[in-house]
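# Residue-level structure breakdown
As a plain string of letters, each chain reads:
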Amino acid sequence: MKMGLWRWLGMTNATSFPEEFALLQQELSRLTDRRHARGKVFPLAGVLCLAELSLMCGYRSLSAIHRFGDTHPELWPHLKLSRSPSVPTLSRLLRMVSVGELRQALMRFALELALRRNCGMGVVAMDGKTMGGVWEGGEQLRVLHLFSQASAVALDQVAVKGHLDEPRAAQAWIEQVAGRIEGLKVLTGDALYADADLCQAIVDQGKDYLVKLKKLASTVPGRRVAILRPGAPGAQHGVSGPRSARAAGGVGVGGTGNLYRLPRPG
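So, here is what we can say about the structure in this document. Keep in mind it's a predicted model, so treat the numbers as computed, not measured.

A few words on the overall build of the protein chain. If you tally the helices and strands in the protein chain, you get ten helices and six strands. Counting only residues that meet the buried cut, the protein chain has 39% of its 266 residues in that class. Summarising the internal contacts of the protein chain: among those between residues at least 6 apart in sequence, 62% fall at separations of at least 24.

This part covers the side chain of Glu20. Position of Glu20 among the secondary structure elements: in helix H2 (residues 17-28). Of the polar contacts made by the side chain of Glu20, one reaches the side chain of Arg117; its length is 2.9 Å.

Another point: empty space enclosed by the protein. On inspection of all chains with the given rule, the structure shows one cavity of 30 Å³ or more. Lining of the largest cavity is provided by Thr32, Asp33, Arg34, Arg35, Leu44, Leu93, Met96 and Val97. When the residues that make up the lining of the largest cavity are grouped by side-chain class, the tally is four nonpolar, one polar and three charged.

This part covers the pattern of salt bridges. One pass over the structure, following the stated rule, counts ten salt bridges. Between Asp156 and Arg103 there is a salt bridge; the shortest N-O distance is 2.7 Å. Here the residue Asp156 occupies a position in strand E3 (residues 153-160), and Arg103 occupies one in helix H7 (residues 99-116), the gap between them amounting to 53 residues. The shortest N-O distance in the salt bridge between Glu112 and Arg116 comes to 3.0 Å.

For the pair H2 and helix H3 (residues 44-56), the least separation of the axes is 9 Å and the interaxial angle reads 135 degrees. The orientation of H2 relative to H3 falls into the category oblique. Considering the relative orientation of H2 and H3, their crossing is right-handed. Residues Phe17, Phe21, Leu24, Gln25 and Leu28 of H2 pack against Ala45, Leu48, Cys49, Glu52, Leu53 and Met56 of H3.

With that out of the way, let us pick up the pairing of strand E1 (residues 122-136). Where E1 and strand E4 (residues 184-188) come together, four bridges link them in parallel fashion. Pairing of Val124 across the sheet is with Leu187, part of E4. Across nine bridges, E1 lies against strand E2 (residues 139-148) in antiparallel orientation. Looking across to E2, one finds that Glu136 is bridged to Glu139. Connecting the antiparallel pair E1 and E2 is a turn made up of two residues, with Gly137 showing a positive phi of about 65 degrees.

Cut-offs applied
Residues numbered from 1 in each chain as written. Predicted model: local features only at pLDDT ≥ 70, side-chain atom pairs only at ≥ 80, totals over all residues. Heavy atoms only, no water. Helix = DSSP H or I, 4+ residues; strand = E, 2+ residues; numbered from the N terminus. Buried < 20%, exposed > 50% of the residue type's maximum accessible area, 1.4 Å probe, protein only. Contact = heavy atoms within 4.5 Å. Polar contact = N/O pair within 3.5 Å; in protein donor to acceptor, adjacent residues only side chain to side chain. 1 Å grid on protein atoms, 1.4 Å probe; cavity = no way out; pocket = protein on both sides within 12 Å on 5 of 7 lines; lining within 4 Å. Points joined across faces, edges and corners; volume = space filled by probe spheres on them. Nonpolar A, V, L, I, M, F, W, Y, C, P; charged D, E, K, R; others polar. Salt bridge = Lys/Arg side-chain N within 4 Å of Asp/Glu carboxyl O. Axes fitted to C-alpha atoms, helices over the stretch in contact; angles between N-to-C directions. Parallel < 35°, antiparallel > 145°, perpendicular 65-115°, else oblique. Left-handed = near helix turned anticlockwise from the far one by under 90°. Pairing = 2+ DSSP bridges.

Next up, the structure:
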């Protein structure tokens, strides 16, 4: 193996790239291979690992992945490949992979990677990303991207229909996934996530949230924005439109840079 390639790809001093890549191979080998045993030429995990290495090096198309494998035969023994898979083979095998199953495998890999890097999850940033060069249904694919800053790990990605769909995807992620992420302490996001339903989901999970208000009016017509609403003592969590909040007694939300803590009830 050309160690120069491994050194270029390595990103951490806590563990070596070959060690981390072996962990990825281990998780990908657990994916369901729907092919019949007879006639298998390429192991599914090896093909997926080759695709991963190719993408990391900027080879994005199926033909580029084939060329990458063809020009790096030193990788074949480590991926249990006899040669670089052809473009039709890559297309056929990748279509067989369950997206949901692959997502779970990559999340297990990310969590174990953070543990081995001795960083933990800590703060996770969520933000919408448009996947350059990735198209689905005639449109560029957009995802809700969750990234652990301390461990430098991409924790998860969730497909969304557009940037206005991000709060819904974030709410679903908090309700279905966040509770299983050990060490997750803080989620950060931009103003788009100051959404009433999303903030309610955070409270329902027994957590607190912070909202930085820059202006009263919502930028999305008909969208409910989470704000601090005055009320009975101890009942400080609430959602409302800006006008009704001001009519209820006013909370001084005008002006850039005001920061409010919205604690859980009780």
